[in-house]
Amino acid sequence: MRTPLSRVSRRGRVTLVVLAVLLVLIAVTDRAFDIWADWLWFDETGYTDVYSGILTTRALLLATFGLGVGLIVAVNLWLAYRMRPLLRPHSAEQHALDRYRMFLLPRMGTWIALIAGLIGLFAGIAAQNRWQQWLLFTNGGSFGVRDPHFGVDVSFYIFEYPFYRYLLGVGFFAVVVSLLGALGLHYLLGGVRLQGAGDRMTPAARAHLTALVAAFVLLKAAAYFLDRRGLLLGSNPSVDNLNGASYTAISALLPAKEILAWISLVVAVAILVFSNAFARNLVWPGVALALLGISAVVIGGIIPAGVQSFTVKPSPREKESPYIQYSINGTRAAYGITDVKTEQYKADVTVPPGELLTDTTTVPNVRLLDPAVVNDTYTQKQQVRGFYEFAEKLDIDRYEVGGKTQDYVVGVREINYNKLSATQSNWQNKHTVFTHGYGFVAAPANRLVCGGLPYFVSGFLGEQQTQGTEECQSATEQIPTSQPRVYYGEQMSEYAIVGKTGGNDSEFDRPSGNTDQYFTYDGKGGIDVGSMSRRILYATHLRETNFLLSSVFNENSKLMYVREPRARVEKVAPFLTIDGDPYPAVVNGRVLWIVDGYTTASTYPYSTKVDLRGATTDATTGEGTFAQQRQDINYLRNSVKATVDAYDGTVTLYSFDDSDPVLRAWNKAFGGKLVKPSSQIPRELTDHLRYPVDQFKVQRDLLSRFHVTAPNEFFSQQDFWQVPADPANNGQEKQPPYYVLAKMPQQDDLNFQLTAAVVPRNRANLAALVSGYYVDGKPVLQVYELPDNTNIQGPAQVHQKMVNQDQARQDITLLESSDSRPVFGNLLSLPIAGGMLYVQPLYIRSTSQDNSFPFLNKVLVNFGDYAAYANTLQAGLEGLVTQANNGRPPAGQAQPPSGTQPPPSNGTQPGANQALVTAAANVQTAIAEVRAAQQSGDFERYGRALKQLDEAMKAFEEAQKAAAAAGSATPSTPPSGSPGASAPPSAPASSAPPG
C-alpha cells in the first residue's frame with residue numbers, strides 16, 4: 001500500500017526532515033537563550049534560588065506527569081495490540097479496515113510511542129504550570145485551626161486539597177484517553193466488532209476495556225470521598241454571596257457523597273467480576289453502571305433538592321443559622337478581620353463648635369492636595385524638561401521635618417519615553433542617553449502657596465520660585481537624598497544600557513542653569529553585557545540587532561531591564577499578589593520603592609470568596625494604580641513588605657506577618673532565606689510603612705457585611721453597608737479610601753491611617769468609618785459605627801449640599817461654561833468634636849491650554865447642618881462657626897460666604913458715593929486682566945489676576961455696604977466687561993489650614 005509519504009521523493013523526505021529538525025533546534029535554542037537571560041537577571045538580583053527552584057520544579061512535573069500519563073496510555077495501547085485476535089472473521093467491515101491495518105501494523109510500536117509521547121507531552125506541559133500547588137503541597141505546615149465539621153487542620157484545604165483535585169483530574173484524563181485509544185485499537189484489530197456472527201467482543205478485549213471502566217469508577221469513588229471535604233468550600237443557596245457548607249450540604253449531600261463512594265466501589269468490583277468471571281458479558285456491568293448513574297441522580301441530586309425545598313425553605317433562618325455562623329467566623333479569620341476594633345460613635349453634634357478652630361491634631365493636618373489630581377501640577381511646576389513626568393497618581397507618605405511629623409504628597413521625577421522627540425527616540429538616545437529620572441519631589445499635603453500651588457520642599461532642579469514676595473518652594477531641601485537618580489521606577493518601561501571606559505559621560509543627568517549635566521552609572525545594578533557572547537544573548541532575547549551593531553558597548557557596559565518596581569518584585573516572588581499602588585520613600589537618604597505583597601488562597605473552609613479585581617476597583621484604578629487580575633480568593637494576608645532601590649534595583653523581601661503559614665511554606669520551598677524576618681526591618685523603613693490599599697479595599701468590602709456577627713441578623717441583611725460612589729468622579733465608581741494624618745476618637749495620638757466611609761445598603765446617609773493603621777509596626781483595623789437612626793449625611797449627600805450653596809453653584813456654573821473646568825478633590829470624612837467634618841478641595845483647570853494644570857481654588861466644608869465655601873480651610877471653618885454662633889440657617893439658605901461674586905454696575909444711581917464707582921471700575925480692570933492672563937497661557941499671571949479680582953470684589957462688597965449705610969441705592973446692573981461666560985470665579989486658595 002502506497003501512503004502519501006511514500007509518494008514523496010527521497011530528496012523531498014530528507015528536506016522535510018531537515019526543516020523539521022531546524023525548526024525544533026530554533027525553538028529549543030530560543031528557549032535556552034531565554035533561560036540563560038533569565039538566569040543572569042536573577043543572578044543580578046540575588047534570587048537565583050527562586051529561579052532554579054521554579055525551573056527544577058517545572059521540569060520535575062513535566063517529566064513525572066508526562067512520563068506517567070504517556071506510560072499509562074502506551075501500556076494500554078500496547079495491551080490492545082497484544083490482545084488482538086490472530087484470526088478475524090470475514091466480513092465487509094473487516095475488509096474495509098484492512099488498508100488501515102496494513103499502514104499501521106508494520107510500525108505499530110513507533111505509532112504507539114508517538115501517540116503516547118504526544119499525549120504525555122501535553123499532560124506534562126499542563127502539569128508544569130501547577131508548580132505552585134506542588135511546592136505548597138510538599139512544604140505546607142499547620143495552621144493550628146481546624147474546620148468545624150471534620151476536625152481537619154485548615155492546612156489540608158490550603159496546601160493539599162488543590163493538588164489532590166488535580167491528581168484526580170489527571171487520573172481521569174489518563175483513563176479516559178486510554179479507554180478511547182484501546183477501544184479504537186481493539187476495533188481496528190478485530191477485538192471489537194459491530195458486524196458478523198458471534199460475540200461482538202473477544203474475551204481479552206472485554207477484560208481490558210472493563211478494567212479501564214472499573215478504574216474510572218474507582219477514581220469516581222475517590223472523587224466522592226474528596227468531595228465530602230469540598231462541601232465546606234461550596235456556596236450557601238439560602239444566603240446570597242456566602243460560601244461554606246449549608247444545612248442541605250451537611251444533612252443530605254455529605255451522607256450522599258459517602259453512600260455514592262461506597263456504591264462506586266461495589267460497582268467497580270461488579271464490573272470486573274461479572275464481565276470476566278461469571279456472566280462474561282456486558283449486561284450486568286451495564287446494569288451496575290446504570291444503577292450508579294441513577295443513584296447519583298437520586299441520592300446526590302433529587303434528595304438534597306427535596307431537603308432544600310421542603311425542609312430549609314420554609315424556615316431558612318433557623319436551619320442555616322449555625323452554618324451562617326461558621327461562614328462569618330471563617331471569613332473574618334481568613335481575611336484578618338477577626339480582631340477589628342469596633343467603636344460606637346454617636347456623631348450627635350450637628351452644630352459646628354468652636355473646637356474646630358482650636359483643634360491642634362486633626363484640623364491642622366487636613367489634606368488639601370489630592371494626589372490623584374495634582375500630578376500635572378507637579379509635572380508643570382517641577383518638570384524642567386518636556387520628557388520628565390510624574391506618575392499619573394502621586395503618593396502620600398509622612399516625614400518628620402523640623403521636629404514635626406506631617407503628611408506629604410510625594411513623587412519621583414521620571415522619564416516618560418513617550419514624550420521624547422523623534423530625534424531623542426532613536427535607539428541610542430532612548431536606551432543609552434535618557435536612562436534615568438532625577439529627584440524625589442515632595443510638598444506638604446496641607447499647605448498651598450502662590451495662588452493655590454503646592455509648596456515644594458525637595459527635588460528642586462530649577463531656580464527658586466517666587467510670586468511677588470511669596471516663596472513658592474522652600475529655600476533648602478527639607479527631605480534630602482544622597483542619591484536622587486531614579487533608574488528603577490513606575491515609568492521605566494524601556495531597558496537601559498549604562499557604563500563607559502573613559503571620556504565624557506554620556507547619560508543625560510539633569511539640567512543645570514543653561515547647560516545640561518551628564519553622568520555615568522556607578523552602581524551595582526545591571527547585567528554585564530561587555531562580552532560578545534552576552535551581546536549575542538540579549539540581541540536574541542530582546543530581538544534587537546543593535547546589540548551586535550552599535551558602538552556604544554564596551555567592557556563596562558551593563559544592561560538594566562524589568563525596571564518597574566511592581567514587575568520587579570513580581571518576578572522575584574511570583575507566588576505573591578502585588579498591591580496596585582507602590583510608593584516611593586526616602587530611607588536613610590536613598591529613594592526606595594515600597595511594595596506590598598499578599599499571600600492568597602481560594603480554598604479556606606467556610607470563607608466567602610471575593611473577586612480581587614472587583615473588590616479593589618474604584619475611581620482611581622487604572623489612573624496611576626494597577627488593576628488586579630480577575631481571581632476569586634477567600635484568604636488574604638499582607639505578609640510581605642518589599643523594597644526596590646531606585647538607583648541600583650536591589651529587591652529586598654521582608655516578612656510582615658511571621659505567623660502566616662502560607663508565607664512560611666513559600667519561604668521553606670525556596671531554602672528558608674528568601675524572605676527576611678520582620679525583626680530585620682530597619683526602623684527607618686518602618687516609619688514609612690503604611691496600611692496597604694488593596695487589602696484595605698477587600699476588608700472594607702467584606703466588613704460592609706461581616707461587621708454583622710449574629711447569624712440571624714446576617715440572614716436578614718438589614719444592617720449591611722456598601723461603599724458609596726465617589727462624588728468627585730460623578731458617582732461612576734466606588735469612592736477610593738484616602739490616607740490622612742489624624743487623631744480619630746479613642747486614639748491616643750496622631751496616626752497615619754487609611755480611611756473610608758461606608759453607607760447603609762441602598763441608602764445615602766453615613767453608616768460608619770473604617771480606618772486602618774499601624775501601631776508599633778502591627779496592623780490595626782478600626783470601625784467607627786454610627787447609630788442606626790443617625791441623620792448624619794453621607795459623602796454623596798454632603799457633596800451635593802456643599803456644591804449647591806449659592807456662591808458655589810454660581811462659580812461652578814461659571815467654570816463649566818468658560819475655558820476652564822472645576823476639578824473636585826477627595827472628599828475627606830473626619831470624626832471630630834463629637835460630629836462629622838467633611839472637607840473637599842475644589843481645583844480649577846484651564847481647558848484651552850494643552851499643558852494646563854489644576855490649582856486649588858476653593859475649599860468646601862460641612863459640619864452637621866452647616867456648610868461653607870471659602871478661599872481657605874481656615875476661612876471655611878470660621879464660616880461654619882460664625883453661622884452656628886449667629887443662629888443662621890444651614891448653608892444654601894444662608895448668605896454666601898466671603899468671596900461672593902459682586903454685581904458690579906455700569907454706573908451709580910443718583911446719590912451713590914464715589915467709592916462705589918471706583919470699586920466697580922477696579923472690578924472691571926481686574927476682569928480684563930484675568931481674561932488677558934487666560935489668553936496668554938501664563939498660569940502664574942493667571943493666579944495673580946485671580947487674586948487681584950478677589951480683592952477687587954471684596955472691596956466692591958465693602959463699598960456696597962457703605963453705600964447702603966449712607967442711604968444710596970446699590971447698583972443693579974453689572975458694568976461693561978463684567979465676568980461673562982469666560983470669567984473665572986474668585987481667587988484661589990493660597991494659605992495653609994490653621995496650625
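Residues numbered from 1 in each chain as written. Predicted model: local features only at pLDDT ≥ 70, side-chain atom pairs only at ≥ 80, totals over all residues. Heavy atoms only, no water.

Draft legend 1. Inspection of a nonpolar patch on the surface at higher detail. A cluster of nonpolar side chains, contributed by Phe274, Val283, Trp284, Val287, Leu291, Ile294, Val297, Val298, Ile302 and Ile303, occupies part of the molecular surface with about 900 Å² of accessible area. A per-element tally of the nonpolar patch places helix 9 (residues 283-312) first, with nine residues. (Patch = residues over 30% accessible without salt bridge, like charges linked within 9 Å, V, L, I, M, F, W, Y side chains within 5 Å. Areas by Shrake-Rupley, 256 points an atom, 1.4 Å probe, with all protein chains shown as cover. Salt bridge = Lys/Arg side-chain N within 4 Å of Asp/Glu carboxyl O. Helix = DSSP H or I, 4+ residues; strand = E, 2+ residues; numbered from the N terminus.)

Draft legend 2. Inspection of the state of the cysteines at higher detail. A complete count under the given rule lists one disulfide for this structure. Note on cysteine connectivity: cysteine 450 is disulfide-linked to cysteine 472, with sulfurs 1.9 Å apart. Residues cysteine 450 and cysteine 472 are joined by a disulfide whose S-S torsion is about -105°; by sign, that bridge is left-handed. One end of the pair, cysteine 450, is in the loop between strand 8 (448-449) and strand 9 (453-454); the other, cysteine 472, is in the loop between strand 11 (470-471) and strand 12 (485-486), with 22 residues separating them in the sequence. What makes cysteine 472 buried here is its relative accessible area of 7%. (Disulfide = S-S within 2.5 Å. Buried < 20%, exposed > 50% of the residue type's maximum accessible area, 1.4 Å probe, protein only.)

Draft legend 3. Seen up close, the UniProt feature "transmembrane region" (unreviewed entry) in the chain. In this structure's numbering, the residues bearing the UniProt feature "transmembrane region" (unreviewed entry) are residues 55-81, 102-127, 163-189, 209-226, 259-279 and 286-307. Split by type, residues 163-189 is 100% helix and 0% strand. Its first and last C-alpha atoms lie 38 Å apart. The annotated region residues 209-226 carries 100% helix and 0% strand content, and the separation between its end C-alpha atoms amounts to 26 Å. (UniProt positions renumbered as here; feature names shortened; annotations may be inferred.)

Draft legend 4. Structural view of the sheet that holds strand 7 (residues 440-444). The strand order across the open sheet formed by three strands is 3-4-7, and the pairing between neighbours is antiparallel. One side of each edge strand has no neighbouring strand; the edge strands of this open sheet are strand 3 (395-401) and strand 7. Strand-to-strand twist of the sheet, defined as the mean angle between neighbouring strand axes without regard to direction, takes the value 45°. Looking at chain direction, strand 3 and strand 4 (residues 404-412) are connected through seven bridges and run antiparallel. Its bridge partner lying in strand 4, valine 401 is registered against lysine 404. (Pairing = 2+ DSSP bridges. Axes fitted to C-alpha atoms, helices over the stretch in contact; angles between N-to-C directions.)

Draft legend 5. View of helix 22 (residues 795-803). Every buried residue of helix 22 is accounted for by Pro795, Val798, His799, Lys801, Met802 and Val803. Contacts from the buried residues of helix 22 go to strand 27 (751-760), helix 23 (806-816), strand 30 (820-824), strand 32 (835-846), strand 33 (855-863) and strand 34 (866-870). (Contact = heavy atoms within 4.5 Å.)

Draft legend 6. View of the sheet that holds strand 13 (residues 496-498). Taken in spatial order, the three strands of this open sheet run 13-17-16, and their pairing is antiparallel. Of all strands in the sheet, those bounded by a partner on one side alone are strand 13 and strand 16 (527-528). Sheet topology places strand 13 next to strand 17 (residues 558-560); three bridges connect them, and they run antiparallel. Counted as the bridge partner of valine 498 is lysine 558 from strand 17.

Draft legend 7. Spatial organisation of the packing of aromatic side chains. A complete count under the given rule lists 51 aromatic pairs for this structure. Consider the rings of phenylalanine 225 and tryptophan 262, whose centres lie 5.9 Å apart with planes at 85°: the pair is edge-to-face. With phenylalanine 225 in helix 7 (residues 203-230) and tryptophan 262 in helix 8 (residues 247-276), this pair connects stretches of sequence that are 37 residues apart. Here tyrosine 487 and tyrosine 521 contribute two aromatic rings whose centre-to-centre distance is 4.7 Å and whose plane-to-plane angle is 65°, an arrangement assigned as edge-to-face. Placement of tyrosine 487 in the loop between strand 12 and strand 13 and of tyrosine 521 in the loop between strand 15 (515-519) and strand 16 is noted, with a sequence separation of 34 residues between them. Tyrosine 521 carries the same exposure label as tyrosine 487, and that label is buried. Cluster of aromatic residues (ring-pair linked, three or more members): Phe65, Trp134, Phe137, Phe156, Tyr157, Tyr161, Phe163, Tyr164 and Tyr166. The residue whose ring lies beneath arginine 229 is phenylalanine 150, and the NZ or CZ to ring-centre distance is 5.4 Å. For the cation-ring pair, arginine 229 lies above phenylalanine 156, with the distance from its terminal atom to the ring centre recorded as 5.1 Å. (Phe/Tyr/Trp six-rings, centres within 6.5 Å; stacked < 30°, edge-to-face > 60°. Lys NZ or Arg CZ within 6 Å of the ring centre and 35° of its normal.)

Draft legend 8. How the structure looks around the packing of helix 5 (residues 131-139) against helix 6 (residues 154-189). Two elements in contact, helix 5 and helix 6, have axes whose closest approach is 8 Å; the angle formed by their N-to-C orientations is 130°. Compared by their axis directions, helix 5 and helix 6 come out oblique. Along this stretch, helix 5 crosses helix 6, giving a crossing that reads as left-handed. The residues of helix 6 that touch helix 5, namely those facing Gln133, Trp134, Leu136 and Phe137, are Phe159, Glu160, Pro162, Phe163, Tyr164 and Tyr166. Looking at the contact of helix 5 with helix 6 residue by residue, the class counts come to eight nonpolar, one polar and one charged. (Parallel < 35°, antiparallel > 145°, perpendicular 65-115°, else oblique. Left-handed = near helix turned anticlockwise from the far one by under 90°. Nonpolar A, V, L, I, M, F, W, Y, C, P; charged D, E, K, R; others polar.)

Draft legend 9. Expanded view of unusual backbone geometry. Positioned with a positive phi, asparagine 241 is a non-glycine residue whose angle comes to about 55°. Residue placement: asparagine 241 occurs in the loop between helix 7 and helix 8. Classification of asparagine 241 by relative accessible area gives exposed; the value is 62%. Phi is positive for aspartate 776, close to 55°, though the residue is something other than glycine. By the secondary structure assignment, aspartate 776 is in the loop between strand 28 (768-775) and strand 29 (778-785). Assessed through its relative accessible area of 74%, aspartate 776 is described here as exposed.

Draft legend 10. Highlighting helix 14 (residues 532-541). What helix 14 keeps buried is the set Arg535, Leu537, Tyr538, Ala539 and His541. Considering only its buried residues, helix 14 is in contact with helix 1 (10-45), strand 16, helix 15 (546-549) and strand 17.

Draft legend 11. Seen up close, the pairing of strand 23 (residues 635-645). Of all eleven residues making up strand 23, eleven are buried, and the element is well covered by its neighbours. Strand direction decides the pairing type here: strand 20 (residues 590-601) and strand 23, joined by nine bridges, are antiparallel. Counted as the bridge partner of threonine 599 is arginine 637 from strand 23. In the sheet, strand 23 pairs with strand 24 (residues 651-655) via five bridges, with the strands oriented antiparallel. Each residue of the ladder has a partner; that of valine 640, found in strand 24, is serine 655.

Draft legend 12. Representation of the pattern of salt bridges. One pass over the structure, following the stated rule, counts 23 salt bridges. We note a salt bridge from glutamate 44 to arginine 568, for which the minimum N-O separation is 3.4 Å. Of the two residues, glutamate 44 sits in helix 1 while arginine 568 sits in helix 16 (residues 565-572), which places them 524 residues apart along the sequence. Residue arginine 568 is classed as buried on the basis of its relative accessible area of 1%. Close ionic contact of arginine 637 with aspartate 657 constitutes a salt bridge, the shortest N to O distance being 3.9 Å. Taken as a pair, arginine 637 in strand 23 and aspartate 657 in the loop between strand 24 and helix 18 (661-669) lie far apart in primary sequence, 20 residues in all. Assessed through its relative accessible area of 17%, aspartate 657 is described here as buried.

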